[in-house]
Structures are given as C-alpha cells and as structure tokens.
Amino acid sequence: MTRQTHPLDALLGIRYEELSAKRVITSLVLSPRIHGPAGAVHGGVLAALVESAVSAGGALNADEGRSAVCAETQMHHMRPVVSGTLHACAVPVHCGFTQQLWSAEVFDERNRLVSCATVQLLNVPDHGGPVQESVPGPVE
C-alpha cells in the first residue's frame, strides 16, 4: 500500500497499517524524543497520530477536486504511555458534502485505551499542499 504523506508523518514515524474510506489504522513506535516534560508521550503527538489517520480517511471521502482539512479536534487522554507501539483506529461518523465527522481511538500494545477523539473535517476546494512523494505502507 502507498499513499501521499505529510512531512509530519515522516518526522514522527507515523505508519499506515490500513487505509480505506471506512477505516484507517495508523501506528507509531514510541521513543523518548516524543515525550513531554513529565516523561510520557506528549499529547500533541497523540493528536497528530489521530489527525493523520482522520485526514487520510477524509481525503478518500472528499469529492474529486476537494480536500478535507481539520476544523476541530477534541481529545480525551485516559492514561500516560512511555514506550511500545501505539495504534490509532479512525472511522467516519458522517461524510457530507461540506463536512465530515470522525471518531478515533488510540490503544497501547496491551490494547488499553490511551486516548479517544472526535475530529471535524471541512471539505474545501483543493489547492494542493505540502504533500511529499509516496511512501511504503507497513514494513513486514
């Protein structure tokens, strides 16, 4: 599987495990370089993991000539995580002409809920953006 990626995905190491208009699963191997001051993964990294998944799915649901851009993200963090691999699963709740609403959950390696989110996307005319070359999907 290949997809166009945003530079932030590469910077953080976000991987796409599954990518469709109905479900997107991303993963992220944790390292101290993305920890916050308290020693756990920074909440902004969790938000980026979720928004990457939702944005990828939103792009697949936007009409031709339109892009899906994030308008609002509401995150709830349940537990801190220090190491391991996180997995985010995002699914659409509503996909209309002007907006989309997505639900996403982040789980740790033990399948414990780390964070959950709702993300509103706006479908806007496509003007291009900071997209890089295609990147490979999961490494076997």
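None of the values given here were measured: they were computed from a predicted structure.

Visitor: Can you tell me about the environment of Ser83, naming the residues and giving the values?
Guide: Its location among the elements puts Ser83 in the loop between strand S4 (66–77) and strand S5 (85–95). The spacing of Ser83 and Pro32 is 51 residues in sequence and 8.1 Å in space, taken between C-alpha atoms.

Visitor: How would you sum up the environment of Ala88? Please name residues and give values.
Guide: If you trace the backbone, Ala88 turns up in strand S5. The spacing of Ala88 and Leu28 is 60 residues in sequence and 8.6 Å in space, taken between C-alpha atoms. Contact partners of Ala88, with chain neighbours within four places excluded, come to Val24, Ile25, Thr26, Leu49, Glu105 and Val106.

Visitor: I'd love a proper account of unusual backbone geometry, names of residues and values included.
Guide: With a phi close to 65°, Asn111 is a non-glycine residue in the positive phi region. Secondary-structure assignment places Asn111 in the loop between strand S6 (99–107) and strand S7 (113–125). The class of Asn111 is exposed, set by a relative accessible area of 59%.

Each value, and the rule that gives it
- Residues numbered from 1 in each chain as written.
- Predicted model: local features only at pLDDT ≥ 70, side-chain atom pairs only at ≥ 80, totals over all residues.
- Heavy atoms only, no water.
- Helix = DSSP H or I, 4+ residues; strand = E, 2+ residues; numbered from the N terminus.
- Contact = heavy atoms within 4.5 Å.
- Buried < 20%, exposed > 50% of the residue type's maximum accessible area, 1.4 Å probe, protein only.

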